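Listed below, chain by chain, are the residues.
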Amino acid sequence: MRRAIYPGSFDPVTNGHLDVIERAAKLFDEVIVAVAVNDQKRSLFTADERTALIAGAVGGWKNVRVSWFDGLLVEFAAAQQASAVVRGLRAVSDFEFEFQMALMNRKLDEHIETIFLMPAEKYTYLSSRIVKEIARLGGNVDAFVPASVVAALREKLAAPAV
Ligand code: ADP
């Protein structure tokens, strides 16, 4: 059983993430999309909301599961008996950070390989951050995220800030 973990903030999941998940699902017997709950970034959506939005979007894909983790990625991967970590590479700007993380994770656990997947070109400029920014300014994000995420963004951004 070849199992991979695709970790990230997914705040929220975009069509770029889904493109990477689809590619990974063709390469591995099982892909676990893992929401990082304790990272330093302040998220718009809670971990539960982020997980539910991904689950809704990948519901029909039979070898994809959604989970979350709050410790070291390599420990989560080992506990799930995964042999690989999948990350998406959009542009050279992603490279330095991803390269550093991949080598550090290898240092922490040499049994887990990091695999980089490139999305379709049309998604190379897409990020959760830019989607949130457009949505916040009232722009249309229909082409960038699943319909359930469009609705969730609308609801979240309409709610008064607490
Ligand atoms: P993180 O906070 O860990 O960077 P993200 O949710 O932003 O989490 O992204 C998770 C992974 O997906 C990262 O490897 C990121 O480079 C990749 N990714 C994000 N957006 C895209 C996209 N449009 N196309 C391909 N990969 C992407």
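In this text, all values refer to a predicted model and were calculated from it rather than measured experimentally.

A few words now on the sheet that holds strand E3 (residues 64-69). Read from one edge to the other, the open sheet built from 5 strands follows the order E3-E2-E1-E4-E5, with strand pairing classed as parallel. Looking at which strands have only one partner, the edges of the open sheet turn out to be E3 and strand E5 (113-117). This sheet shows a mean twist of 30 degrees between the axes of neighbouring strands, independent of strand direction. Note that strand E2 (residues 30-36) and E3 share 6 bridges and pair parallel. Bridge assignment links Val31 to a residue of E3, and that residue is Val64. On the sheet, helix H4 (residues 92-108) packs against strand E4 (84-88) and E5 and is oriented at approximately 170 degrees with respect to E4.

So, about the nonpolar core. Counting residues in each nonpolar core, the largest one holds 32 residues, and the members touching the most others are Tyr6, Val33, Val86 and Val141. Secondary-structure elements contributing two or more residues to this core are strand E1 (3-8), helix H1 (15-27), E2, helix H2 (47-57), E4, helix H5 (128-136) and helix H6 (147-158). In terms of residue count, the dominant contributor to this core is H1 (5 residues). For Val86, the residues in contact, after removing those within four places along its chain, are Ala4, Ile5, Tyr6, Pro7, Val20, Ala24, Phe28, Ile115 and Leu117. Formed by 12 residues, the second largest nonpolar core is a distinct cluster that contains Ile5, Ala34, Val74 and Val85.

Considering all chains together, one arrives at 9 salt bridges under this definition. When the shortest N-O distance is used, the salt bridge between Glu30 and Arg3 registers 2.6 Å. Here the residue Glu30 occupies a position in strand E2, and Arg3 occupies one in strand E1, the gap between them amounting to 27 residues. For the pair formed by Glu30 and Arg3, the shared burial category is buried.

Taken together, 17 residues lie near the ligand, and Tyr6, Ser9, Phe10, Lys41 and Gly88 sit nearest. Within the side chain of Glu98, one N or O atom sits 3.4 Å away from an oxygen atom of the ligand. Protein contact buries 91% of the 550 Å² of open area that the ligand shows by itself. Because more than half of its atoms lie within 2 Å of the grid, the ligand is assigned to the largest pocket. At the level of elements, E1, H1, E4 and H4 are the ones that each hand at least two residues to the shell around the ligand. Here the residues of the shell around the ligand sort into 7 nonpolar, 5 polar and 5 charged.

The next thing to look at is H2. Buried within H2 we find Ala47, Arg50, Thr51, Leu53 and Ile54. One side of H2 carries all its buried residues, which in axial view fall inside an arc of 160 degrees. What points out from H2, more than 90 degrees from its buried face, is the exposed set Asp48 and Gly56. On its buried face, H2 sits against E2, E3 and H6.

Criteria and cut-off values
Residues numbered from 1 in each chain as written. Predicted model: local features only at pLDDT ≥ 70, side-chain atom pairs only at ≥ 80, totals over all residues. Heavy atoms only, no water. Pairing = 2+ DSSP bridges. Helix = DSSP H or I, 4+ residues; strand = E, 2+ residues; numbered from the N terminus. Axes fitted to C-alpha atoms, helices over the stretch in contact; angles between N-to-C directions. Contact = heavy atoms within 4.5 Å. Core = buried A, V, L, I, M, F, W, Y, C linked by side-chain atoms within 4.5 Å. Buried < 20%, exposed > 50% of the residue type's maximum accessible area, 1.4 Å probe, protein only. Salt bridge = Lys/Arg side-chain N within 4 Å of Asp/Glu carboxyl O. Near = heavy atom within 4 Å. Polar contact = N/O pair within 3.5 Å; in protein donor to acceptor, adjacent residues only side chain to side chain. Areas by Shrake-Rupley, 256 points an atom, 1.4 Å probe, with all protein chains shown as cover. 1 Å grid on protein atoms, 1.4 Å probe; cavity = no way out; pocket = protein on both sides within 12 Å on 5 of 7 lines; lining within 4 Å. Sits in = over half its atoms within 2 Å of the grid points. Nonpolar A, V, L, I, M, F, W, Y, C, P; charged D, E, K, R; others polar. Arc of directions from axis to C-beta.

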